[in-house]
Every structure is written in structure tokens, then in C-alpha cells.
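These are the residues of each chain, in order.
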Amino acid sequence: MRPLPELTPANRWFWTSGADGRLHVQGCDDCGTLVHPPVPICPSCRSRSWSPTEVSGRATVVGFTVNSQRWLPGFDLDPPYVVAAVALVEDAGVRLTTNIVGCDPDEVHVGQEVAVRFEQHEDVWLPVFAPTGSTDPTDRVGEPKLPAPRRPVSDDRYEHRAVLSGVGRSRIGRRLMVDPLSLTIDACLDAVADAGLTLEDIDGLSTYPGPTTGAGIGEGGVTTVEEALRIHPTWINGGGDIPGPGGAVIQAVLAVAAGLCRHVLCFRTVWESTYRALGLGDTPDRVSGQYLE
């Protein structure tokens, strides 16, 4: 079957409104701006008043990809299938990520006009789109509206007050079948030695995406490495909202420049192939060892 969205008080109206065969999106009661996905405030006039608003269900394909792999066992769509971004005719800035159905994947193209259909799965009505046979000749994407960058408050730049003093890495390969934390420690010790430091010099830890090992995208985060190396940092960072692994380095540079710490150890471990080869994540009633006490 297909993974379904979890229904909450904030989104239930959207995922169930297709029961009548009509597409609804959030509409501001004060200025009429259409918004998707739903948010508690209008991005145009900042009004907090909104209502589910019926739209035509017609849209234009503005981007798409053809998926040829079955990434999820039991998924009810047989590859190849199309994942697309479509722009509503009412407002090209309102876009839905969806599937294009009713045609061969090779026939899908940017500018293709489509109309909504709904597929019911349990208590959810998923909006999918099918071609109408027409093509929109206009550019529905347009040039991006980029915000003007703010001028720095001074010429004193934080990146001028920190250096990358050491680099380390573990073995690299597919299906190494090695504990990810062991790989992390190998890289960390290598980086500290390359910088001419000792573990006692490290007073900061920074990583991305944080305390997770799920899907093989992390080693367990700051506290896991802190415990393994018996480091006592005065500053730490780890979370998924920063701009990827590079964001962990930027945060570390900021911390050093601000005087919050002197030597930050930045790390990231990816072990997706091993995770899959071991069949981890296939037993939902089990928890990983890092959460056991």
C-alpha cells in the first residue's frame, strides 16, 4: 500500500475534502490569497482568518521526475511513475507535489495542462492529476524573486576569526558492515591528530542532522560521540534545520568567532548501504541500542 499522511486537526480538511471530487486549498478570508500547504497565517496580509477554498482543479506541470525504482516494498505504484510539481491556474505560486496519471510517463512534459482526480485510500483522498490534452504556452514558473541580502553591520567577518585546522575521515565504501559510531570515531581521531590537538583540547561538537541513526543517515548525534570520546564540550550543535553538513561547520565557525569555545570537532557519518544490508528498520517493535538504558 501507499504511505498515507497522518491526519491532524490542522490538515484533516485538506486530505479529506476530495470526498466530493473537488480540490480545496487554504484561502485568506481578508485578501483572498491562496496558500498551500496550509499555514496559520496569510503570507500576504498576515491575517489569521482563512477558510478551505474550492478551486477549479486545473493546473500546469512546472517540474517532474520519472521514478524507475521500487524504493519501498509493497508500494502500490508500479514503476515507472511520475512525481510532479503542478501550478494551479488560479495562482501559479500555489503548487502541489503529486503524481501524473492517465498517460505514459514519457508523455509528461513541462507546460502540460492537467486536471485533478482523487484516489481514496482509507480515510484519505489523495489529489493526483491527469493530462487534459493541452499545453500551456506561457511560462508558469517565471524568474525567481530573490530577497535582497542585508548589508553586514561591519567589515569584521566571523569567518576571518576561525580556521579549519584539521581534517579526518574513516574508511569509505559500500556495505562496510561496520558500526557507524566506530567509523565516526576513526574520522574524529584522525581530524584531531591532523590539527595537532588532543581530545582534551576539544570544547565544542557540531554535527548534522543530529540524534538519529534511522535509515543510516547518522551515527547518533552529539551525545553519542561525547559519551564515546568522553569529551566535555562547553558548546554543542546538532539539528536538521541547518543547511546540511556544511551548516554544522558554519555554526562551529560562528561559535569560535563568538568566543563560546576554541576547538570544535565537526562530524557526519552516512552508512545507508550497511543499514539496508543489515535489514535495520524492518522491525518497528524494536528500538536501536543507543536508546536503551
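Source: prediction; values computed, not measured. (Residues numbered from 1 in each chain as written. Predicted model: local features only at pLDDT ≥ 70, side-chain atom pairs only at ≥ 80, totals over all residues. Heavy atoms only, no water.)

### A word on the packing of aromatic side chains
- Following the criterion strictly, the structure yields 5 aromatic pairs and no others.
- Three or more aromatic residues link up through ring pairs in this structure, and these residues are Trp 13, Phe 14, Trp 15 and Trp 50. (Phe/Tyr/Trp six-rings, centres within 6.5 Å; stacked < 30°, edge-to-face > 60°.)

### Focus on the environment of Phe 118
- Residue placement: Phe 118 occurs in strand β7 (residues 112–121).
- Phe 118 sits 85 residues away from Asp 203 along the chain, and the two C-alpha atoms are 55 Å apart.
- Among residues more than four places away in sequence, those in contact with Phe 118 are Gly 18, Gly 21, Arg 22, Leu 23, Trp 125, Leu 126 and Pro 127. (Helix = DSSP H or I, 4+ residues; strand = E, 2+ residues; numbered from the N terminus. Contact = heavy atoms within 4.5 Å.)

### So, the environment of Pro 131
- With respect to the helices, strands and loops of the structure, Pro 131 is situated in strand β8 (residues 124–135).
- Relative accessible area serves as the criterion here: at 27%, Pro 131 is assigned to the partly exposed category.
- Spatially, the C-alpha atoms of Pro 131 and Leu 278 are 42 Å apart, while their sequence positions differ by 147 residues. (Buried < 20%, exposed > 50% of the residue type's maximum accessible area, 1.4 Å probe, protein only.)

### Focus on the side chain of His 24
- By the secondary structure assignment, His 24 is in strand β1 (residues 24–28).
- The class of His 24 is buried, set by a relative accessible area of 12%.
- In terms of polar contacts, His 24 uses its side chain to reach the backbone carbonyl oxygen of Arg 22, at 3.2 Å.
- Apart from the residues lying within four places of it in its own chain, the contact partners of His 24 are Trp 13, Phe 14, Ser 17, Thr 53 and Glu 54. (Polar contact = N/O pair within 3.5 Å; in protein donor to acceptor, adjacent residues only side chain to side chain.)

### Thoughts on the pattern of salt bridges
- Enumeration over the complete set of coordinates arrives at 5 salt bridges.
- The partner of Arg 70 in a salt bridge is Asp 78, and the shortest N-O contact between them spans 2.5 Å.
- Judged by its relative accessible area of 56%, Asp 78 falls in the exposed class.
- Between Arg 140 and Asp 136 there is a salt bridge whose closest N-O contact spans 3.7 Å. The burial state of Arg 140 is the same as that of Asp 136; both residues are buried. (Salt bridge = Lys/Arg side-chain N within 4 Å of Asp/Glu carboxyl O.)

### Looking at helix α4 (residues 244–257)
- An ideal rise of 1.5 Å per residue puts 20 Å on 14 residues; α4 measures up with 20 Å between its terminal C-alpha atoms.
- The inward-facing, buried residues of α4 contact β9 (204–207), β10 (235–238) and β11 (264–267).
- Immediately beyond the C-terminal end of α4, within one or two residues, lies Gly 259, with a positive phi of roughly 80°. (Expected span 1.5 Å × (residues − 1).)

### Topic: the sheet that holds β1
- One open sheet accounts for 3 strands, arranged β2-β1-β3; its pairing is antiparallel. Looking along the sheet, the strands with just one partner apiece sit at the ends: β2 (34–35) and β3 (50–54).
- By the bridge criterion, 5 bridges tie β1 to β3 in an arrangement that is antiparallel. Within the sheet, the bridge partner assigned to Cys 28 lies in β3 and is Trp 50. (Pairing = 2+ DSSP bridges.)

### Quick word on the sheet that holds β10
- What the 3 strands build is an open sheet, ordered β10-β9-β11; its pairing is parallel. The open sheet has two edge strands with one neighbour each: β10 and β11. In this sheet, adjacent strand axes meet at a mean angle of 15° when their direction is disregarded. (Axes fitted to C-alpha atoms, helices over the stretch in contact; angles between N-to-C directions.)

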